[in-house]
Amino acid sequence: KEANKLVEEFMLLTNKRVAKIFSKQKKSIYRVHDLPKEEKLVALERVVKNLGYKQKFENLRNIHRNINNLLEQVDKTPEKNLIDTLVIRSMNKAKYSTINIGHFGLSFEKYTHFTSPIRRYPDIIVHRDLQKILSNNSQNNPNLEKECVYLSAREELATKAERSSIKFMQVKYMSSKINKKYIGVISGIMERGVFIEIKENKCEGFVRAKDIPGDYYVFNEKEFLMFGRNTKEEYRLGDEVLVQVKGVNEQKKQIDFLLLEKV
């Protein structure tokens, strides 16, 4: 709602303002986000080109504008969720550091985490350091960069735990849907096979390359697709397919599909 967006904007402005204070005092921690890696941008450009979009990402000075233009173009299209996901995957992970390199994702020169002390310990550190500045306390923490590395690692671990728990509950849910058919979207491709996300419930499963019907399929890494050696049939990211739930493995948190046909 509009009220949520207003609060978000004030939170961003607050975090920017506190980071600006820190930059003058040369102390405390920043929330930093590096530029995307070139190889990831090349892969993103190749995939969106196959989907009919002509965005180029080789000029890092225009990268924000080009990505925003792409996201505007795909708004309310069938491939929106897919391209949103691909753009996120092309980004580096944000982290904590005493060395400010800016925040690429937000396009801010200075940024920190000040506004969520209930959920994040780094915000507590930022509050303490701001209090020191306001109290004219010049005492520095010599272990601050080590703490940044530790907190970034714990954040990554927490994110993995969250994803793992979601995947486990998806597998539990799909265990009662064996043999049921769904429309899905190809969300990932690798040499072993393809990942497919069901449109109805967002559960993601896997189809082995050798189980794709009608031909012997090989992975084309350059074009990022599965290619039928004899039929020339192609399976690309974003293609809609009909799948049947083959089975689940709760220990491995894995859902197996049978790919029936393209939609």
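To be clear, the structure that these remarks concern was listed above.
This text gives an overview of the structure that appears in the document. (Residues numbered from 1 in each chain as written. Predicted model: local features only at pLDDT ≥ 70, side-chain atom pairs only at ≥ 80, totals over all residues. Heavy atoms only, no water.)

What follows is about helix α6 (residues 144-174). Taking 1.5 Å of rise per residue, the 31 residues of α6 would be expected to cover 45 Å, and the 45 Å separating its terminal C-alpha atoms lies within 8% of that figure. Every buried residue of α6 is accounted for by Leu144, Cys148, Leu151, Ser152, Lys167, Gln170, Val171 and Met174. (Helix = DSSP H or I, 4+ residues; strand = E, 2+ residues; numbered from the N terminus. Expected span 1.5 Å × (residues − 1). Buried < 20%, exposed > 50% of the residue type's maximum accessible area, 1.4 Å probe, protein only.)

Bringing the nonpolar core into the picture now. Residues Ile196 and Phe257 are the most contacted members of the largest nonpolar core, which totals 38 residues. Of all elements in the fold, only α2 (38-50), α3 (63-74), α4 (80-90), α6, β3 (181-190), β4 (193-198), β9 (240-249) and β10 (254-262) reach the threshold of two or more residues within this core. In contact with Ile196, other than residues within four places in its own chain, are Gly184, Val185, Ile186, Ser187, Cys203, Glu204, Gly205, Val207, Val241, Val243, Phe257 and Leu259. Counting residues in hydrophobic clusters, the runner-up holds 15 residues, among them Tyr96, Val126, Leu130 and Ile133. (Core = buried A, V, L, I, M, F, W, Y, C linked by side-chain atoms within 4.5 Å. Contact = heavy atoms within 4.5 Å.)

Our next topic: the sheet that holds strand β6 (residues 217-220). Two modes of strand pairing occur in sheets, parallel and antiparallel, and in both the strands are linked by backbone hydrogen bonds. In space, the three strands of this open sheet follow the order β6-β7-β8, with antiparallel pairing throughout. Among the strands making up the open sheet, the edge pair consists of β6 and β8 (234-236). Strand after strand, the sheet turns through a mean of 25 degrees between neighbouring axes, direction not considered. Where β6 lies against strand β7 (residues 225-228), four bridges are found, and the strand directions are antiparallel. Note on β7: the bridge partner recorded for Phe219 is Met226. (Pairing = 2+ DSSP bridges. Axes fitted to C-alpha atoms, helices over the stretch in contact; angles between N-to-C directions.)

A few words now on the side chain of Asp129. Mapping Asp129 onto the fold places it in helix α5 (residues 121-134). Of the polar contacts made by the side chain of Asp129, one reaches the side chain of Ser28; its length is 2.8 Å. Among all residues touching Asp129, those that are not within four sequence positions of it are Phe22, Ser28 and Leu144. (Polar contact = N/O pair within 3.5 Å; in protein donor to acceptor, adjacent residues only side chain to side chain.)

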